[in-house]
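So the chains spell out like this:
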Amino acid sequence: MNSEKILVLHTGGTIGSIHNPEKNHREVDVGNAKRILFEAFEKSNSKYADRENLFVDLPLGFETLSENMTLEKLSKIIAKLKSVDLDEYAGVIVLHGTDTLAYTAALFSFVFYDTCVPMMLVSAKSPVLDADSNAIDNFKAAVELILDGIAPNIYVPYRNDDGNIYIHLASTLMQCENYSNDFYNASRDKVFYHDDEYIFEDCRNLSKNRSWKAIEIPERLFAKRIKLIFPYVGIDYSDTRLDGISAVLHGSYHSGTLCVGGYNSGSALTLGIECMQRGIPMFIACCKNGDDKYSSTSDAVEMGGMIPLDMTLEAAYMKLVLAVNMGLYGEELAEFMQKEINNEFIN
């Protein structure tokens, strides 16, 4: 391992954007944004700021705002990273937008579950040059954690508006909420303060908890055989088409519930029964199925045949994308979804 070098791949996003005063909007300009970011780090108070030739640029060949991220683009990003021998570097930094960061973080947690070096997904709430941007703090935290020797895994360092820099294990990261600049983690024991004295020990333990069963990663990802449904008041399942579908993933309300009021077009039980008859696994996420659960959750599992997944919806979706693209279906697919790969289950 070359402990003096960090591989940097820039996908775009806010951290790869520059404000265009003529058009009065932000636009992706990875070349300039990356240069500004590197120069700002060299002028920072980091103990590694004076390291020369610290970063090795890995050109992606395209750039995108994260809201325009697709599975095809993610496939290309994964292929680019897999084309490099990561063991030659101290770690990897992937610069990414915030809107879909939780999805990419979850996918990377599975695809690179056996990474031999730490991989950091770094984003920003505003472009690097903005006075209130957290880009430099997030980037600096990523560099320092890598060079300080944090255990191999996928992480998201991010400074919330409370001024604290949090280090998230990527597999349990939740999307940033509307009207908020903050990221939160679904599992309290998988997020740390940057200066937490136990962070390196805790992350070593999490790193040891990764699965070592080989996962066959498809070259191209698609989701056309997955039906993703979100609950809302007044939902009607009568028009839900299941032809050609390999799996259904149903989101839940915050308490892990969904409407199961009888067997009618507004009840998920109707869809659950149809899925059982067709041999299509139907999952619920986020959904705890322990002792302290609502009767609606019990009905969904026991009467509707639905499978609860105690993980974020983003992680459940990306894991399901992998499973379907690996050619899994039926019981084999259900078994794969219920086996932990990289600390994605919520404690």
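This one's a predicted model, so the numbers in the text were calculated from it and none came from an experiment. (Residues numbered from 1 in each chain as written. Predicted model: local features only at pLDDT ≥ 70, side-chain atom pairs only at ≥ 80, totals over all residues. Heavy atoms only, no water.)

### So, the overall build of the chain
Condition: Under the DSSP-based scheme used, a helix requires at least four consecutive residues in state H or I and a strand at least two consecutive residues in state E, with every element numbered from the N terminus. Taken over C-alpha atoms, the radius of gyration is set against a globule rule of 2.2 Å times the number of residues to the power 0.38. Using a 1.4 Å probe on the protein chains alone, a residue whose accessible area is under 20% of its type maximum counts as buried, one over 50% counts as exposed, and one in between counts as partly exposed. By the convention used here, residues are in contact when the closest approach between their heavy atoms is within 4.5 Å. Shrake-Rupley sampling with a 1.4 Å probe provides the accessible areas, and residues are treated as covered by the protein chains on show and by no other component. Positive charges are assigned to Lys and Arg, negative charges to Asp and Glu, while His and the chain termini are left out of the count. Taken as the charge centre is NZ of Lys, CZ of Arg, CG of Asp or CD of Glu, depending on the residue.
Within the chain, the regular secondary structure consists of nine helices and 13 strands. Here the C-alpha atoms of the chain give a radius of gyration of 21 Å, agreeing with the 20 Å that 2.2 N^0.38 yields for 347 residues. Counting only C-alpha atoms and orienting by the principal axes, one finds that the chain spans roughly 65 × 50 × 35 Å. The proportion of buried residues among the 347 residues of the chain is 55%. The long-range share in the chain, meaning contacts at least 24 apart out of those at least 6 apart in sequence, stands at 68%. Of the roughly 16,000 Å² of accessible surface on the chain, 45% is carried by carbon and sulfur atoms. Here the chain holds 31 positive side-chain charges and 49 negative ones, and the gap between their average locations is 4 Å.

### Observations concerning the sheet that holds strand 9 (residues 191-193)
This is how it is decided: In short, DSSP must find at least two bridges between two strands for them to pair. Only the stretch in contact is used when fitting a helix axis, every axis being a line fitted to C-alpha atoms; angles between N-to-C directions are given from 0 to 180 degrees.
Pairing is mixed across the open sheet formed by seven strands, whose spatial order is 4-1-5-6-7-8-9. Two strands in the sheet have a free side with no partner beyond their single neighbour: strand 4 (55-57) and strand 9. Across the sheet, the mean angle separating the axes of adjacent strands is 25° when strand polarity is ignored. Against the sheet, helix 1 (residues 30-42) touches strand 1 (6-10), strand 4 and strand 5 (91-95), its axis set at about 145° to strand 1. Packed onto the sheet, helix 4 (residues 135-148) meets strand 1, strand 4, strand 5, strand 6 (119-122), strand 7 (154-159) and strand 8 (165-169) and runs at close to 165° relative to strand 5.

### A few points about helix 2 (residues 71-82)
Using the following cut-off: A helix is expected to reach a length of 1.5 Å times the quantity of its residues less one. Summarising the geometry, the arc corresponds to the directions from the helix axis toward the C-beta atoms.
Here helix 2 spans 16 Å end to end across 12 residues, near enough to the 16 Å set by a 1.5 Å rise per residue. Regarding helix 2, the residues found buried are L71, L74, S75, I77, I78 and L81. One side of helix 2 holds all its buried residues, which, seen down the axis, span an arc of 165°. Elements in contact with the buried residues of helix 2: strand 1, strand 5, helix 3 (101-111) and helix 8 (313-325).

### Some remarks on the sheet that holds strand 12 (residues 282-285)
Strand order in the open sheet made by the four strands is 10-11-12-13, with parallel pairing throughout. Edge positions in the sheet fall to strand 10 (226-229) and strand 13 (307-308), since each of these pairs with one other strand and no more. Bridge analysis of strand 11 (residues 247-251) against strand 12 gives four bridges, and the strand direction is parallel. In the sheet register, G251 faces strand 12, and the bridge partner there is A285.

### A short note on the packing of helix 2 against helix 3
For clarity, the cut-off: Small angles under 35 degrees read as roughly parallel and large ones over 145 as roughly antiparallel, with 65 to 115 read as roughly perpendicular and the rest as oblique. The sense of a crossing depends on the near helix, which, turned anticlockwise from the far helix by less than a right angle, makes the crossing left-handed and, turned clockwise, makes it right-handed. Each residue is assigned to one of three groups, with Ala, Val, Leu, Ile, Met, Phe, Trp, Tyr, Cys and Pro labelled nonpolar, Asp, Glu, Lys and Arg labelled charged, and all others, Gly among them, labelled polar.
With their axes 12 Å apart at the nearest point, helix 2 and helix 3 run at an angle of 40° to one another. Put simply, helix 2 runs oblique to helix 3. The two elements helix 2 and helix 3 cross, and the hand of that crossing is right-handed. Where helix 2 approaches helix 3, its residues L74, I77, I78, L81 and K82 are matched on the opposing element by T104, L107, F108 and V111. Class assignment of the residues belonging to the contact of helix 2 with helix 3 gives a composition of seven nonpolar, one polar and one charged.

### A closer look at a nonpolar patch on the surface
Cut-off, in case you're wondering: Nonpolar side chains (Val, Leu, Ile, Met, Phe, Trp, Tyr) within 5 Å and like charges within 9 Å form the patches, drawn only from residues with over 30% relative accessible area and no salt bridge. In what follows, salt bridge is the name for a side-chain nitrogen of Lys or Arg lying within 4 Å of a carboxyl oxygen of Asp or Glu.
Side chains of Y232, V233 and Y253 sit close together on the surface and give an oily, nonpolar patch of about 350 Å² of accessible area. Take V233: it is sitting in the loop between strand 10 and strand 11.

### Points about the packing of helix 8 against helix 9 (residues 330-337)
For the pair helix 8 and helix 9, the least separation of the axes is 10 Å and the interaxial angle reads 140°. The orientation of helix 8 relative to helix 9 falls into the category oblique. Note on packing geometry: the crossing formed by helix 8 with helix 9 is right-handed. Residues A316, K319, L320, A323 and V324 of helix 8 touch helix 9, and the partners they reach there are L333, F336 and M337. Partitioning the contact of helix 8 with helix 9 into residue classes produces seven nonpolar, no polar and one charged.

### Quick look at helix 5 (residues 199-208)
When helix 5 is considered as a whole, its buried residues turn out to be I199, C203, L206 and S207. Viewed along the axis of helix 5, the buried residues span an arc of 100°, placing them on a single side of the element. Elements in contact with the buried residues of helix 5: helix 4, strand 7, strand 8 and strand 9.

### Points about the packing of aromatic side chains
Defined as follows: Between the rings of Phe, Tyr and Trp (Trp by its six-membered ring), a pair exists once the centres lie within 6.5 Å; its type follows the angle of the planes, with under 30 degrees stacked, over 60 edge-to-face, and the other angles tilted.
Summed over the entire model, instances satisfying the criterion amount to nine aromatic pairs. Judged by centre distance (6.0 Å) and plane angle (35°), the rings of F38 and F139 are tilted. On the criterion of sequence distance, the pair formed by F38 in helix 1 and F139 in helix 4 is long-range, its members being 101 residues apart. The burial state of F38 is the same as that of F139; both residues are buried. With a centroid separation of 5.6 Å and an interplanar angle of 70°, the aromatic rings of F41 and F55 are classed as edge-to-face.

### Considerations on the pattern of salt bridges
Note that side chains of opposite charge can pair when their charged atoms are close. One pass over the full model with this rule turns up 11 salt bridges. Between D243 and R278 there is a salt bridge, with its nearest N and O atoms 3.0 Å apart. Taken together, the residues D243 in the loop between strand 10 and strand 11 and R278 in helix 6 (residues 268-278) connect sequence positions 35 residues apart. Taking relative accessible area as the criterion, R278 reaches 42% and is therefore assigned partly exposed. In this structure, the salt-bridge partner of E274 is R278, at a minimum N-O distance of 3.3 Å. Of the two residues, E274 and R278 are both situated in helix 6; the distance of four residues between them amounts to about one turn of the helix. Residue classification places E274 among the partly exposed residues on the basis of a relative accessible area of 29%. Among the charged side chains, a network of salt bridges with common partners joins D243, E274 and R278.

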